[in-house]
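Now for the letters of each chain:
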Amino acid sequence: MARCPFATWRPISGSSGPHLGGPYKIVHHTTEGSSAQGAMAAFRQNRSDPHFTVDGSDIYQHIDTAEGARALRNDAGGAQTNRDSAVQIELVGFAHLPKDGRALTNLARLCRWIEAEHGVPRVWPSGRPLPARNGRDPGGHNRDVTTWDARGGHYGHCHVPENTHWDPAYSAAEADFLLAATFSPDGTLLSPPVPLRPAGKRAARSAAPASTMPDHAQVEADVVAKPPAHAPEHRSHPKAPPR
């Protein structure tokens, strides 16, 4: 059993089954929505749970990390994704926008726990996730199957074989912070400082953002008893409730 001691346990649909092999790795997603509650409603509707959902105030755990999650596409007969020892985290936010500093801090703290629990190295084996280009998919993502299956570390959804989504699209500063952040025993961030969001981007958040990943769909992958021939990628999350 592997449950994070500082996360809120919030089971939804259950796991996709035990892991089938591969070194442990952390997979970063963005919810393409503005709230954890909206994301979790989509997970429930589509049976597409990650292990964790993280926002600026909370860390929710939905599945024990010793079991597979459901947030990746997994084609029958192809590379294993959800159950290849992939610990999946959905960060509340949008791939094309800068990430909230409080959420990044919570995410980094969670990563330190997963790394210690499962021996995950602080590296991006397929390179950093590529940031959005003009608010859209930058292309050029490394989805090498051999790297995915053989090397532990941190991956974006953009690095996973059989998947087409380009989240989390971290900036270089965000990606570096997530691997470098250190914490005191009580969870206080010690160093380095959280990357600042550009002032113009911060002002733009006054309008409700919309995802620029129109095919974003929460997946129902890996039904253990009878896996589907093809699992769609995740359906669009519902709009976040007004704050």
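These lines cover the structure that appears in this document, whether it is placed above or below. Counting restarts for each chain, with residues numbered from 1 along the sequence as it is written. Given that the model is predicted, a residue must reach a pLDDT of at least 70 before its local features are reported, and side-chain atom pairs must reach 80 or more before they are shown or counted; all residues, however, enter totals for whole chains, interfaces and linings. Hydrogens and water molecules were not included; the side-chain quantities draw on all heavy atoms of the structure.

**A short note on the environment of T212**
1) Next: Starting at the N terminus, helices and strands are each numbered in turn, a helix being any DSSP run of H or I of at least four residues and a strand any DSSP run of E of at least two. Note on placement: T212 falls in the segment after α5 (199-204).
2) Next: For the pair T212 and G135, spaced 77 residues apart in sequence, the C-alpha to C-alpha distance is 7.0 Å.
3) Next: Those residues in contact with T212 that sit more than four places away from it in its chain are E32, H96, G135, R136 and W166.
4) Next: Only 2.7 Å separates the side chain of T212 from the backbone oxygen of G135, close enough to count as a polar contact. Contact between two residues is taken to exist if any of their heavy atoms lie within 4.5 Å; hydrogens are not considered. What qualifies as a polar contact is a pair of N or O atoms within 3.5 Å, subject to a donor-acceptor requirement within protein and to the restriction that residues adjacent in sequence count only when both atoms come from side chains.

**Thoughts on the packing of aromatic side chains**
1) Next: Under the pairing criterion, centres of Phe, Tyr and Trp rings, with the six-membered ring standing for Trp, must be within 6.5 Å; the plane angle then separates stacked pairs below 30 degrees from edge-to-face pairs above 60, leaving the rest tilted. Per the counting criterion, the structure on display carries three aromatic pairs.
2) Next: Note on F52 and W113: the rings are 6.5 Å apart at their centroids and 80° apart in plane angle, and the pair reads as edge-to-face. Of this pair, F52 sits in strand β4 (residues 52-54) while W113 sits in helix α2 (residues 101-118); the two residues are 61 residues apart in sequence, bridging distant segments of the chain. Neither residue differs from the other here; F52 and W113 are each classed as buried.
3) Next: Consider the ring centre and the ring normal. A charge sits over the ring if Lys NZ or Arg CZ is within 6 Å of that centre and within 35 degrees of that normal. When the ring centre of W9 is taken as origin, the NZ or CZ atom of R3, which lies over that ring, is 3.8 Å away.
4) Next: Its guanidinium or amino end placed over the ring of F6, R109 lies 3.8 Å from that ring's centre, counting from NZ or CZ. The rule is simple: take the accessible area with a 1.4 Å probe, protein chains only, and divide by the maximum for that residue type; under 20% is buried, over 50% is exposed, in between is partly exposed.

**Here we look at the sheet that holds strand β3 (residues 25-30)**
Sheet strands associate in pairs through backbone hydrogen bonding, adopting either a parallel or an antiparallel arrangement.
1) Next: Strand pairing is assigned whenever DSSP detects at least two bridges linking the two strands. In spatial order, the strands read β1-β5-β4-β7-β3-β8; together these six strands make up an open sheet with mixed pairing. In this open sheet, the two strands that pair with only one neighbour each are β1 (8-9) and β8 (153-156).
2) Next: The angle between two axes is taken between their N-to-C directions and runs from 0 to 180 degrees, where each axis is a line fitted to C-alpha atoms and a helix contributes only its stretch in contact. The strands touched by α2 within the sheet are β3, β4, β5 (59-61), β7 (86-91) and β8, with β7 carrying the most contacts at an inclination of about 170°.

**With respect to the packing of α2 against helix α4 (residues 172-180)**
1) Next: Direction vectors running N to C along α2 and α4 enclose 40°, while the axes themselves pass 8 Å from each other. With respect to each other, α2 and α4 are oriented oblique. Read as a crossing pair, α2 and α4 show a hand that is right-handed. Together, L104, T105, L107, A108 and R112 of α2 and E174, F177, L178, L179 and A180 of α4 make up the contact between the two elements.
2) Next: In terms of residue class, the contact of α2 with α4 is built from seven nonpolar, one polar and two charged. Roughly parallel here means an angle under 35 degrees, roughly antiparallel means over 145, roughly perpendicular means 65 to 115, and every remaining angle is called oblique. By the definition used in this description, the sense in which the near helix is turned from the far one sets the handedness, with an anticlockwise turn below a right angle giving left-handed and a clockwise turn giving right-handed. Side-chain classes are defined by residue name, with Ala, Val, Leu, Ile, Met, Phe, Trp, Tyr, Cys and Pro counting as nonpolar, Asp, Glu, Lys and Arg as charged, and the others, Gly among them, as polar.

**Describing the nonpolar core**
In summary, soluble globular proteins display a tendency toward joint burial of nonpolar side chains.
1) Next: In this description, a nonpolar core means a group of buried Ala, Val, Leu, Ile, Met, Phe, Trp, Tyr and Cys residues linked to one another through side-chain atoms lying within 4.5 Å. Core analysis: the biggest nonpolar cluster contains 27 residues, and F52, I89, L107, L110, I114 and Y170 have the highest contact counts within it.
2) Next: Elements represented by at least two residues in this core include exactly β4, β7, α2 and α4.
3) Next: Contact partners of L107, with chain neighbours within four places excluded, come to H28, V54, I89, L91, Y170 and L178.
4) Next: Listed in part, the seven residues of the second largest apolar core include A39, M40, Y60 and V92.

**Comments concerning α4**
1) Next: Three or more residues of α4 are buried, namely E174, A175, F177, L178 and L179.
2) Next: In this structure, the buried side of α4 is in contact with β3, α2, β8 and β10 (189-191).

**Brief notes about the side chain of K25**
1) Next: Checked against the element boundaries, K25 lands in strand β3.
2) Next: Classification of K25 as buried rests on a relative accessible area of 0%.
3) Next: One polar contact links the side chain of K25 to the main-chain carbonyl oxygen of D84, over a distance of 2.7 Å.

**Remarks on the pattern of salt bridges**
1) Next: Counted as salt bridges are all cases of a side-chain nitrogen of Lys or Arg within 4 Å of a carboxyl oxygen of Asp or Glu. Taken as a whole, this structure holds seven salt bridges when the rule is applied.
2) Next: With a closest N to O distance of 4.0 Å, D64 and R3 form a salt bridge. Within this pair, whereas D64 is found in the loop between β5 and β6 (67-68), its partner R3 is found in the segment before β1, the two being separated by 61 residues in sequence.
3) Next: Between D84 and K25 there is a salt bridge whose closest N-O contact spans 3.0 Å. Highlighted residues: D84 in the loop between β6 and β7 and K25 in strand β3, separated in sequence by 59 residues.
4) Next: What makes D84 buried here is its relative accessible area of 3%.

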